[in-house]
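Tertiary structure, described
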Amino acid sequence: NTAELKQAIILDQSYILAVADASTRGADDCLMLNAQGHVTESSNSNVFFVLDDRLVTPDDASGNLRGITGVALRKLGDEGGWPIHEEPVAGEDLARVTEAFVTSATREVMPIAAIRLADGEWRDLPAGGGPLTRKVSAAYTACVARYTAENQDAKLW
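Residues numbered from 1 in each chain as written. Predicted model: local features only at pLDDT ≥ 70, side-chain atom pairs only at ≥ 80, totals over all residues. Heavy atoms only, no water.

So, on to the side chain of Arg107. Topologically, Arg107 is positioned in the loop between β7 (99-104) and β8 (108-116). Looking at Arg107, its side chain comes within polar contact range of the side chain of Ser45, at 3.1 Å. (Helix = DSSP H or I, 4+ residues; strand = E, 2+ residues; numbered from the N terminus. Polar contact = N/O pair within 3.5 Å; in protein donor to acceptor, adjacent residues only side chain to side chain.)

Below you can see the structure in the form of structure tokens.
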């Protein structure tokens, strides 16, 4: 998946308004913050960051989205030696992010190209995703391929 997103930080707006606001700021999507200033998710996807060489996603207390792709990645991360740490991610932490991606059933693992910080500056991230993002993406793609092959005869009724 070579598509990438640019994200803008948005606080305390509905998702539709937040994406519209992000668009006016030159971004394709937005990062949602809770009242305490912690990242919860993007407008409709889980979000993951590489912070201090660790793969981090917002924790339940922050109000993260518990998507099925994110749940699958947690299991793959434990098996693959890249555990996912669930913890608060403050808006200020985004200046230290070295890689980031969003996940969903339709986006799978999509690298974030840049994050617009609260001060308006852009934090550019590796084109096409950094090494950990690519590792996560490959593991997820392989997982989906295995699942599809194992369930090729599945019927709805």
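The structure having been displayed, the exposition proceeds.
The next point concerns the pairing of strand β4 (residues 46-51). Looking along a regular strand, one sees side chains alternate from face to face of the sheet. In terms of burial, β4 is a largely internal element, 6 of the 6 residues being buried. Side chains Asn46, Phe48 and Val50 of β4 all project onto a buried face; the interleaved residues Val47, Phe49 and Leu51 project onto the opposite face, where all are buried too. By the bridge criterion, 5 bridges tie β4 to β7 in an arrangement that is antiparallel. The residue of β7 that forms the bridge with Val47 is Val102. Inspection of the sheet shows β4 paired to strand β5 (residues 54-57) by 3 bridges, in the antiparallel sense. Residue pairing for β5: Phe49 is matched across the bridge by Val56. Here β4 folds back onto β5, and the loop between the two strands holds 2 residues, one of which, Asp52, carries a positive phi near 55 degrees. (Buried < 20%, exposed > 50% of the residue type's maximum accessible area, 1.4 Å probe, protein only. Pairing = 2+ DSSP bridges.)

Here the focus is the packing of aromatic side chains. A complete count under the given rule lists 1 aromatic pair for this structure. Measuring from centroid to centroid gives 5.0 Å for Phe48 and Phe101, while their planes differ by 10 degrees, and the two rings are stacked. With Phe48 in strand β4 and Phe101 in strand β7, the pair connects residues that are 53 residues apart, well separated along the chain. Across this residue pair, the class does not change: Phe48 and Phe101 are buried. (Phe/Tyr/Trp six-rings, centres within 6.5 Å; stacked < 30°, edge-to-face > 60°.)

When pLDDT is averaged along the protein chain, the result is 88, and 92% of the positions lie at 70 or above. Ranking the elements of the protein chain by mean pLDDT puts strand β1 (residues 5-11) last, at 56, and β5 first, at 97. (pLDDT = per-residue confidence, 0-100.)

We now examine the nonpolar core. Residues Phe49, Leu94, Val97 and Ile115 are the most contacted members of the largest nonpolar core, which totals 17 residues. For this core, the elements supplying multiple residues, two or more each, are β2 (29-33), β4, β7 and β8. Core analysis: the next-biggest nonpolar cluster, separate from the first, contains 12 residues, Val50, Leu55, Leu76 and Val136 among them. (Core = buried A, V, L, I, M, F, W, Y, C linked by side-chain atoms within 4.5 Å.)

Moving on, we get to helix α2 (residues 68-80). The first and last C-alpha atoms of α2 sit 18 Å apart over 13 residues, in line with the 18 Å expected at 1.5 Å per residue. All buried positions along α2 are accounted for by Thr69, Gly70, Leu73, Arg74, Leu76 and Gly77. On its buried face, α2 is in contact with β4, β5, β6 (84-86), β7, β8 and α3 (131-150). Of the residues flanking the end of α2, it is Gly81, one or two places downstream, whose phi is positive at about 85 degrees. (Expected span 1.5 Å × (residues − 1). Contact = heavy atoms within 4.5 Å.)

Mapped onto the fold, Glu99 is located in strand β7. Comment: no salt bridge for buried Glu99; closest opposite-charge side chain is Arg134, at 7.4 Å. Looking at Glu99, its side chain comes within polar contact range of the main-chain nitrogen of Thr133, at 2.8 Å. Not counting residues up to four positions away in its chain, the partners in contact with Glu99 are Phe48, Phe49, Val50, Leu125, Pro126, Gly130, Pro131, Leu132 and Thr133. (Lys, Arg positive; Asp, Glu negative; His and termini not counted. Salt bridge = Lys/Arg side-chain N within 4 Å of Asp/Glu carboxyl O.)

Our next topic: the pairing of β7. Of all 6 residues that make up β7, 6 are buried, and the element is covered over most of its length. Burial of β7 is two-sided: the residues Glu99, Phe101 and Thr103 facing one way and the residues Ala100, Val102 and Ser104 facing the other way are all buried. Bridge analysis of β7 against β8 gives 4 bridges, and the strand direction is antiparallel. Its bridge partner lying in β8, Val102 is registered against Met110.

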